[in-house]
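Report on the structure
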Amino acid sequence: MSGLSKGIRKVEVALKWDPSPPGEPPTDLDIVAATYLASDPHGTPAYAVYFDSRSPDGTIYLNRDSKDGKGFGWDEVMTLELDRLDTRYARVVVGVVIQQRTADRTFVGVLNPGLRIREGYLVLAEDDFGNVLGATAATVAEFVRDPSGGWTFRPRVEGFDGDPATFTRTMGREQRP
């Protein structure tokens, strides 16, 4: 029956966290998605999507953006319409960045963070960033186009310590074991 599978088609990545205590700078987490060409699947992203941007073809977009975690339910939500993504793209890596504008912060300083990745009602992954507490950013998912053209999901929570711009440029590089 695996021959009938169309693979992952449309995915929602959602983040939630509690606001900072009164008197402390706001906590701002951002979802970032980077696309990679089939000719260079682990190199420089063809483009990245994050707050105030969307993919050139409209297949990856941010539905909800929070700068302080004061939303109801999921504070930040991004949709990836992988089934509509041009065939020249072979890989999409999704990450989460903690903005460092108002305070230096790692995941240990984010109150009650949560991540959910789902396709329709099927939850593909959930996480609380407990394995990357000292990181300022983390990759959280990888979607790879298989030979039939369908997409497969690989959970990938890996921490990163550095500035958001560097993370966005390097988040899709192959990780050392």
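This section reports on the structure supplied with the text. From a predicted model like this one, the values you see are computed outputs, not experimental measurements.

**Concerning the environment of A48**
Within the fold, A48 resides in strand 3 (residues 47–49). By relative accessible area, A48 is classed as partly exposed at 22%. When the C-alpha positions of A48 and T35 are compared, they lie 6.4 Å apart, and in sequence the two are 13 residues distant. If near-sequence neighbours (up to four positions away) are discounted, A48 is found in contact with A33, A34, S53 and T168.

**Notes on the side chain of Q99**
Relative to the assigned elements, Q99 resides in the loop between strand 6 (89–98) and strand 7 (114–119). A distance of 2.7 Å separates the side chain of Q99 from the side chain of D30, its partner in a polar contact. Polar side-chain contacts of Q99 include one of 3.2 Å to the side chain of R101. Other than its neighbours up to four places away in sequence, Q99 contacts D28, D30, F51 and P164.

**Examining the packing of aromatic side chains**
Within the structure shown, the criterion is met by five aromatic pairs. Centroid distance F107 to F129: 4.5 Å. Interplanar angle 5°. Geometry classified as stacked. One end of the pair, F107, is in the loop between strand 6 and strand 7; the other, F129, is in the loop between strand 8 (122–127) and strand 9 (137–145), with 22 residues separating them in the sequence. Take F129: its relative accessible area is 0%, and that puts it in the buried class. A cation sits over an aromatic face here: K16 above W74, 4.7 Å from the ring centre. Over the ring of Y36 we find R91, and its NZ or CZ is 5.1 Å from the ring centre.

**Brief notes about the nonpolar core**
The biggest cluster of nonpolar side chains holds 35 residues, and the ones touching the most others in it are L80, L82, V92, V94, F107, I117 and F143. Looking at this core element by element, the count peaks at five residues for strand 6. Apart from the residues lying within four places of it in its own chain, the contact partners of F107 are L29, V96, I98, F129, V132, L133, A135, T136, A137 and A138. Membership of the second largest hydrophobic core comes to eight residues, among which are A34, Y36, V97 and M171.

Cut-offs and rules
- Per chain, residue numbering runs from 1 following the sequence as it is written.
- Local features in a predicted model are, by the rule used here, given only for residues with pLDDT of at least 70; side-chain atom pairs are given and counted only at 80 or more, and totals for whole chains, interfaces and linings are based on all residues.
- The basis for every side-chain value is the complete set of non-hydrogen atoms in the structure, without hydrogens or water.
- Numbered from the N terminus, helices here are DSSP runs of H or I no shorter than four residues, and strands are runs of E no shorter than two.
- Buried residues are those whose accessible area, probed at 1.4 Å on protein chains only, stays under 20% of the maximum for their type, while exposed residues exceed 50% and partly exposed ones sit between those limits.
- The criterion used for residue contact is that any of the two residues' heavy atoms lie within 4.5 Å.
- Polar contact is the term for a pair of N or O atoms within 3.5 Å; when the atoms are in protein, one must be able to donate a hydrogen and the other to accept it, and sequence-neighboring residues count only if both atoms are side-chain atoms.
- Between the rings of Phe, Tyr and Trp (Trp by its six-membered ring), a pair exists once the centres lie within 6.5 Å; its type follows the angle of the planes, with under 30 degrees stacked, over 60 edge-to-face, and the other angles tilted.
- The rule is short: NZ of Lys or CZ of Arg within 6 Å of the ring centre and within 35 degrees of the ring normal puts a charge over the ring.
- By nonpolar core is meant a set of buried Ala, Val, Leu, Ile, Met, Phe, Trp, Tyr and Cys residues that side-chain atoms within 4.5 Å join together.

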